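Residues per chain, in single letters:
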Amino acid sequence: MISDAELRGLLVDCLRLWDVVGRVSAEAEGLVITAGDARCVVERGPSPTRWFLTAGARRRAVPSVPALLSAVRRALGLPAGIRARVGAGAPLV
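Now for a look at the structure at hand.

Thresholds, definitions, all that
- Residues numbered from 1 in each chain as written.
- Predicted model: local features only at pLDDT ≥ 70, side-chain atom pairs only at ≥ 80, totals over all residues.
- Heavy atoms only, no water.
- Helix = DSSP H or I, 4+ residues; strand = E, 2+ residues; numbered from the N terminus.
- Areas by Shrake-Rupley, 256 points an atom, 1.4 Å probe, with all protein chains shown as cover.
- Axes fitted to C-alpha atoms, helices over the stretch in contact; angles between N-to-C directions.
- Parallel < 35°, antiparallel > 145°, perpendicular 65-115°, else oblique.
- Left-handed = near helix turned anticlockwise from the far one by under 90°.
- Contact = heavy atoms within 4.5 Å.
- Nonpolar A, V, L, I, M, F, W, Y, C, P; charged D, E, K, R; others polar.
- Buried < 20%, exposed > 50% of the residue type's maximum accessible area, 1.4 Å probe, protein only.
- Pairing = 2+ DSSP bridges.

Our next topic: the overall build of the chain. A tally of regular secondary structure across the chain gives two helices and five strands. Helices (α) and strands (β) of the chain occur, in sequence order from the N terminus, as α-β-β-β-β-β-α. Accessible area of the chain: about 6,300 Å², with a carbon and sulfur share of 56%.

Take a look at the structure:
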């Protein structure tokens, strides 16, 4: 299981990777992510839900780290990331 400190570190690293000026802070309500006018909150959920992501008036259950990162990108208004393609037909980089 990923700790809150590890999740915060991952989210901070992702903001840098996504070229987003923002911050992730541990608050009483959960991990608060702010970037510009966007704000979302990540809080732990009961099993089998790992987390809940609240952005604006919408609160959604998130089952995994990849799903959480995708949901945070959408909540911050960022386009989807580049998907890796492996195997025949994948472009050489």
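Picking up where we left off.
With that settled, the discussion passes to the packing of helix α1 (residues 4-17) against helix α2 (residues 65-75). Look at α1 against α2: their axes get within 12 Å of each other, and the N-to-C directions meet at 45°. One element, α1, and the other, α2, form an angle in the oblique class. Between α1 and α2 the crossing geometry is right-handed. Every residue of α2 that contacts α1 at L7, L10, L11 and C14 is listed here: V65, L68, L69 and V72. Its residues placed into classes, the contact of α1 with α2 shows eight nonpolar, no polar and no charged.

As for its placement among the helices and strands, G36 is situated in the loop between β2 (30-35) and β3 (38-44). Relative accessible area serves as the criterion here: at 76%, G36 is assigned to the exposed category. Linking G36 and G22, residues 14 residues apart in sequence, is a C-alpha distance of 6.9 Å.

The subject of this paragraph is the sheet that holds β2. With respect to topology, five strands assemble into an open sheet ordered β1-β2-β3-β4-β5, the strand pairing being antiparallel. Where the open sheet ends on each side, the last strands, each with one partner, are β1 (23-27) and β5 (58-62). Direction aside, the axes of adjacent strands within the sheet are offset by 20° on average. Pairing geometry for β2 and β3, over five bridges, is antiparallel. By the bridge assignment, I33 is partnered in β3 with C40.

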